[in-house]
Amino acid sequence: MSDHDFLPAFPPGWVWLAGAGPGDPSLLTLGVHSALGQADVVVHDALVGGDILRFARPGAVLEYAGKRGGRPSCRQADITARLIQLARQGKRVLRLKGGDPFMFGRGGEEALELSRAGIPFRVLPGVTAGIGGLAYGGVPATHRDVNSAVTFLTGHDAGGAVPDNLDWHAISRGAPVLVIYMGVRHFAAIAERLIAAGRPASQPVAIITNASLPDQKVWETTIAEAAALIERDAIGAPAMIVVGEVVRLRAELDWLGRFAQREAAAEKVAALG
Ligand code: SAH
């Protein structure tokens, strides 16, 4: 028997809802890697890049269900209908999303529809950008001396506006660290709400774009200044925003940046030498 015999077999007619992690293919779980090698059809989102899709079985059909050229995503109902149709045709259907499928990825909505349609499904969790992406940016989501809680939130609701079903007052006062998905476009409004509810305007903020990918970038700023910085540097998606004192730990924990510097220094020495 192989040492991978714990990996489940992908039965025909099933949908597996999987998360590919924030981008670095080394963050794929063994389960998702194995699923890619077994699927007949991979229905993937825009955040899942070629570095990950190349693990698909040769001959597997790759179907794109993400945003195209600024047009809104395929309607959610169409995507679910497609998953159900493929499963009923007896395909092994891998629904692959960025990060974790149940974290702001509509995986829950899709799973509910599959459940209601009687389609057997399995969920393969992934590393969410709000944890793994932060780690690549040198920001721990929690630190014992800083925060005993962490709050994940989305910067826009289903209609694209700042979510108004959130109690911003409670969040401002009671959530020491905010990890905000899809927040760059509306951060001015978010900052305004936080500050109005008593959050110090000088509190540190980190913005991490393309976390874990070769073009990852990190900015450090404050609640008051972040929106102007986003505009000035035209910071766009995909970006994670972290608000809270954990951001200060980055001064010592930015392992990726430090390593790159050390590598560059070593190269310089070698060149001089
Ligand atoms: N299910 C995903 C989130 C999907 S919502 C997860 O668990 O990570 C899409 C948002 O996720 C993006 O707008 C961005 O805020 C965040 N995101 C996903 N991948 C990212 C990455 N590599 N770098 C920065 N943010 C990322």
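For clarity, every value in this text was computed on a predicted model and none was experimentally measured. Along every chain, residues carry numbers that run from 1 in the direction the sequence is written. Only residues with pLDDT of at least 70 get local features here, since the model is predicted, and only at 80 or more are side-chain atom pairs given and counted; chain-wide, interface and lining totals rely on the full set of residues. Each side-chain value is derived from all of the structure's non-hydrogen atoms; neither hydrogens nor water enter the calculation.

Enquirer: A description of the overall build of the protein chain should follow, citing residues and the corresponding values.
Expert: Think of it this way: any DSSP run of H or I at least four residues long counts as a helix, any run of E at least two long counts as a strand, and we number them from the N terminus. Tallying secondary structure elements over the protein chain gives ten helices and ten strands in all. For 273 residues, the compact-globule formula gives about 19 Å, and the C-alpha radius of gyration of the protein chain, at 20 Å, lands near that figure. Think of it in three bands: with a 1.4 Å probe and only protein chains considered, a residue is buried below 20% of the maximum accessible area for its type, exposed above 50%, and partly exposed in between. For the protein chain, buried positions account for 45% of its 273 residues. The contact criterion used throughout is that any non-hydrogen atoms of two residues lie within 4.5 Å. Considering only residue pairs separated by 6 or more positions, the protein chain has 70% of its internal contacts joining residues 24 or more positions apart. As a reference, a globule follows 2.2 Å times the number of residues to the power 0.38, and the radius of gyration itself is taken over C-alpha atoms.

Enquirer: I'd love a proper account of the packing of helix H7 (residues 187-196) against helix H8 (residues 223-232), names of residues and values included.
Expert: Convention adopted: a line fitted to C-alpha atoms gives each axis, helices being fitted over their contacting stretch, and angles between N-to-C directions are expressed from 0 to 180 degrees. Interaxial distance between H7 and H8 falls to 9 Å at its minimum, and their mutual angle equals 170°. If you check the angle between H7 and H8, you find them roughly antiparallel. Mapping the contact onto sequence places Phe187, Ala188, Ala191 and Ile195 in H7 and Ile223, Ala224, Ala226, Ala227 and Ile230 in H8. Polar here means any residue other than Ala, Val, Leu, Ile, Met, Phe, Trp, Tyr, Cys and Pro, which are nonpolar, and Asp, Glu, Lys and Arg, which are charged; Gly is therefore polar. Of the residues that constitute the contact of H7 with H8, the class distribution is nine nonpolar, no polar and no charged. Orientation labels follow simple angle bins: below 35 degrees gives roughly parallel, above 145 gives roughly antiparallel, 65 to 115 gives roughly perpendicular, and whatever is left gives oblique.

Enquirer: Requested: an account of the site of the ligand, with residues and values cited.
Expert: As a matter of local geometry, the ligand sits amid 17 residues, with Pro22, Asp100, Met103, Thr128 and Ala239 nearest to it. Only the protein chains shown count as cover for residues, and the accessible areas themselves come from Shrake-Rupley with a 1.4 Å probe. For the ligand, whose accessible area on its own is 540 Å², the fraction buried by protein is 93%. Among the residues making up the shell around the ligand, the classes are represented as twelve nonpolar, four polar and one charged. Note that the domain bounds reflect an automated or database-derived domain assignment. When we break the shell around the ligand down by domain, the ones giving at least three residues each are domain 1 (15-127) and domain 2 (130-256). Neighbouring residues are identified by heavy atoms, a residue being near a molecule or strand if any of them is within 4 Å of it.

Enquirer: Can you explain helix H5 (residues 129-136)? Please cite residues and give values.
Expert: For an α-helix, 3.6 residues make a turn, and residues three or four places apart therefore share a direction. Taken across its eight residues, H5 has six buried, putting it largely inside the fold. Burial in H5 covers these residues: Ala129, Gly130, Gly132, Gly133, Leu134 and Tyr136. Close packing links the buried residues of H5 with strand S6 (151-154), strand S7 (178-181), strand S8 (204-209), strand S10 (239-243) and helix H10 (255-272). Phi for Gly138, located one or two positions after H5, is positive at around 80°.

Enquirer: Account for the pattern of salt bridges, with residues named and values stated.
Expert: Salt bridges are counted wherever a side-chain nitrogen of Lys or Arg sits within 4 Å of a carboxyl oxygen of Asp or Glu. Under the defined criterion, the tally for this structure stands at 14 salt bridges. For Asp40, the salt bridge identified is with Arg92, shortest N-O distance 3.3 Å. Pair noted here: Asp40 is in the loop between helix H1 (30-38) and strand S2 (41-44) and Arg92 is in the loop between helix H3 (76-88) and strand S4 (93-97), with a separation of 52 residues, a long-range link. For Asp40, a relative accessible area of 15% translates into the label buried. Residue Arg193 pairs with Asp164 through a salt bridge whose shortest N-O separation is 2.8 Å. Taken together, the positions of Arg193 in helix H7 and Asp164 in the loop between S6 and helix H6 (168-174) put the pair 29 residues apart, joining distant regions of the chain.

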